[in-house]
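This is what each chain is made of:
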Amino acid sequence: MSIRNNKEWNDWRWQLANRVTWPGDLARWLPGFACTPQMEAAAERSPMAVTPYYLLLAREPWSSDPIVRMAVPSADELSVPTDRGADFTGEEPASPVPGLIHRYPDRVLLVTARQCPVLCRFCMRRRIFGAHQLDTGDPLDNWIDYISRHPEVREVILSGGDPLVLETERLRAILTAIRALPHVELLRIGTRAPVTLPIRVDDELCRMLEQFHPLWLVTHFNHPQEVTEAAGAAVDRLLRAGIPVENQSVLLRGVNDKRQTLEALFQALSRIRVRPLYLHQCDPVAGIEHFRTPLRLGPTLLDELRPCLGGTSLPRFMVDLPDGGGKIPLDRPHSWEPADGGLKLRDLQGRPAKYPEDPQST
């Protein structure tokens, strides 16, 4: 009997408990996969974890498969430029209490978990991941105290890591405490679980979440191979509970940096009623440089897609500025100026901001 027909396969806790956490164990799920010492060295530097569900989305040849590229350590991670830090966007200076990031005046982000079903190799927040065990210890009292003293905060985002590695009752406790604050109007959950562990989005979870409207869920599909029947069913359960679902993709070299791939992805998302919201430039964070594309590529690809996709299927291209400058849209190619050692962009207040990009590559 196929393992996919086992009762355990459809238990999200079993999937989490049986994540593959070492490259040498991948051959169990990917027959003929060849582990290298460089992969093991990369896994030592930044932990690996992949659900069996997600691994079985991969297709041979493994060396060029986008699922493998996003989830499996590679030798490319070992070439780390000396001038790249781990916190490019400046989250740590914007963290007044542990696990809470207050970068924009009207919203805060909570790092509700320090694990994910899949530890993506391109993660801009990879610095927070340590041991492979799931972390469910959240400083909720400190978060609530801080938010209660900041009435300008009208939206709270649950992120991480992935909030959906937490038990449903723990999530309920967090949402209940936040919803009790009268000035908090909106709740948002950022999660890749519909992509990497769709069975986690079960009826019990959706019944709980629908008690906390208005609540939005933003997920993270990057490639059409991820838009499976199971993922569509998870999205359908969320929508039936009245929870809008939007998507933020990251433009990744060797994964989705072709017009045809993005067109197929955004069309597939529209079919399952997920709105493509943003396409992000991959941040220059230590260990993920090999995923980055020239800055001009994102706006150029979206320009090429405009005649092919309707307005609800076409995302905006976003760039996260360094040192807390915030996210800005770059909707058209060449909307920047060369600067010494990089490019000159403008932040949300119109102030000049230097972005570390080789002008010759644009």
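Scoring rules and cut-offs
Residues numbered from 1 in each chain as written. Predicted model: local features only at pLDDT ≥ 70, side-chain atom pairs only at ≥ 80, totals over all residues. Heavy atoms only, no water. Helix = DSSP H or I, 4+ residues; strand = E, 2+ residues; numbered from the N terminus. Contact = heavy atoms within 4.5 Å. 1 Å grid on protein atoms, 1.4 Å probe; cavity = no way out; pocket = protein on both sides within 12 Å on 5 of 7 lines; lining within 4 Å. Points joined across faces, edges and corners; volume = space filled by probe spheres on them. Nonpolar A, V, L, I, M, F, W, Y, C, P; charged D, E, K, R; others polar. Phe/Tyr/Trp six-rings, centres within 6.5 Å; stacked < 30°, edge-to-face > 60°. Buried < 20%, exposed > 50% of the residue type's maximum accessible area, 1.4 Å probe, protein only. Axes fitted to C-alpha atoms, helices over the stretch in contact; angles between N-to-C directions. Left-handed = near helix turned anticlockwise from the far one by under 90°. Polar contact = N/O pair within 3.5 Å; in protein donor to acceptor, adjacent residues only side chain to side chain. Pairing = 2+ DSSP bridges. Salt bridge = Lys/Arg side-chain N within 4 Å of Asp/Glu carboxyl O.

Draft legend 1. Inspection of the environment of Leu 309 at higher detail. By the element assignment, Leu 309 lies in the loop between helix 11 (297–305) and strand 8 (316–321). A C-alpha to C-alpha distance of 30 Å links Leu 309 and Ile 288, two positions 21 residues apart in sequence. Not counting residues within four places of it along the chain, the set of residues in contact with Leu 309 comprises Glu 263, Phe 266, Gln 267 and Leu 314.

Draft legend 2. Summary view of the layout of surface pockets. Estimates place the volume of the largest pocket at around 1,400 Å³. Lining the largest pocket are 50 residues, and of these Leu 109, Arg 125, Gln 248, His 280 and Lys 327 lie nearest its centre. Only strand 1 (100–104), strand 2 (107–111), strand 3 (155–159), strand 4 (186–190), strand 5 (215–219), strand 6 (245–251), strand 7 (275–281) and strand 8 provide two or more residues apiece to the lining of the largest pocket. The class makeup of the residues in the lining of the largest pocket is 25 nonpolar, eleven polar and 14 charged. Volume-wise, the second largest pocket comes out at about 280 Å³. Lining the second largest pocket are 19 residues, and of these Met 39, Trp 62, Ser 63, Val 68 and Ser 74 lie nearest its centre. Of the residues contributing to the lining of the second largest pocket, the split by class is nine nonpolar, five polar and five charged.

Draft legend 3. View of the packing of aromatic side chains. Under the defined criterion, the tally for this structure stands at four aromatic pairs. Taking 6.1 Å as the distance between ring centres and 45 degrees as the angle between the ring planes, the aromatic pair formed by Trp 9 and Trp 29 counts as tilted. Highlighted residues: Trp 9 in the segment before helix 1 (12–17) and Trp 29 in the loop between helix 1 and helix 2 (37–45), separated in sequence by 20 residues. Of the two residues examined, Trp 9 and Trp 29, each falls in the buried class. A centroid spacing of 6.0 Å and a plane angle of 80 degrees characterise the contact between Phe 122 and Phe 291, whose relative ring orientation is edge-to-face. Of this pair, Phe 122 sits in the loop between strand 2 and helix 5 (140–148) while Phe 291 sits in the loop between strand 7 and helix 11, and the two are 169 residues apart along the sequence. Here Phe 122 and Phe 291 have matching classes, each one buried.

Draft legend 4. Quick peek at the packing of helix 10 (residues 259–271) against helix 11. Where helix 10 contacts helix 11, the axes come no closer than 10 Å and their chain directions differ by 65 degrees. Viewed along their axes, helix 10 and helix 11 form a crossing whose handedness is right-handed. Judged by residue contacts, Arg 259, Leu 262, Glu 263 and Phe 266 of helix 10 engage Leu 301, Leu 302, Glu 304 and Leu 305 from helix 11.

Draft legend 5. The arrangement of the side chain of Glu 263 in detail. Examined against the element boundaries, Glu 263 turns out to sit in helix 10. Separated by 2.7 Å, the side chains of Glu 263 and Arg 259 make a polar contact. Excluding residues that lie within four positions of it along the chain, Glu 263 makes contacts with Leu 305, Cys 308 and Leu 309.

Draft legend 6. Highlighting the sheet that holds strand 12 (residues 352–355). In space, the three strands of this open sheet follow the order 10-11-12, with antiparallel pairing throughout. At either end of the open sheet lies a strand with only one pairing partner, and these are strand 10 (337–339) and strand 12. Between one strand and the next, the sheet's axes are offset by a mean angle of 45 degrees, whatever the strand orientation. Where strand 11 (residues 342–346) lies against strand 12, four bridges are found, and the strand directions are antiparallel. Bridge pairing in strand 12 links Leu 343 to Tyr 355.

Draft legend 7. Inspection of the sheet that holds strand 4 at higher detail. Strand order in the open sheet formed by nine strands is 1-2-3-4-5-6-7-8-9, and the pairing between neighbours is mixed. Of all the strands in the sheet, the pair left with one neighbour each is strand 1 and strand 9 (326–329). For this sheet, the mean inter-axis angle between neighbouring strands, taken without regard to orientation, is 25 degrees.

Draft legend 8. Seen up close, empty space enclosed by the protein. Counted under the stated rule, the structure contains one cavity of 30 Å³ or more. The calculated volume of the largest cavity comes to roughly 30 Å³. Broken down by class, the residue content of the lining of the largest cavity amounts to four nonpolar, one polar and two charged.

Draft legend 9. Quick look at the environment of Trp 62. Among the secondary structure elements, Trp 62 is positioned in the loop between helix 3 (52–55) and helix 4 (66–71). Here the alpha-carbon distance between Trp 62 and Phe 266, two residues 204 residues apart in the chain, equals 24 Å. Engagement of the side chain of Trp 62 in a polar contact is seen with the backbone oxygen of Pro 31, the distance being 3.0 Å.

Draft legend 10. Expanded view of the pattern of salt bridges. Under the criterion given, the structure shown has 20 salt bridges. One salt bridge in this structure joins Arg 127 and Asp 87, with 3.6 Å as the shortest N-O distance. Taken together, the residues Arg 127 in the loop between strand 2 and helix 5 and Asp 87 in the loop between helix 4 and strand 1 connect sequence positions 40 residues apart. Residue Arg 127 is classed as partly exposed on the basis of its relative accessible area of 24%.

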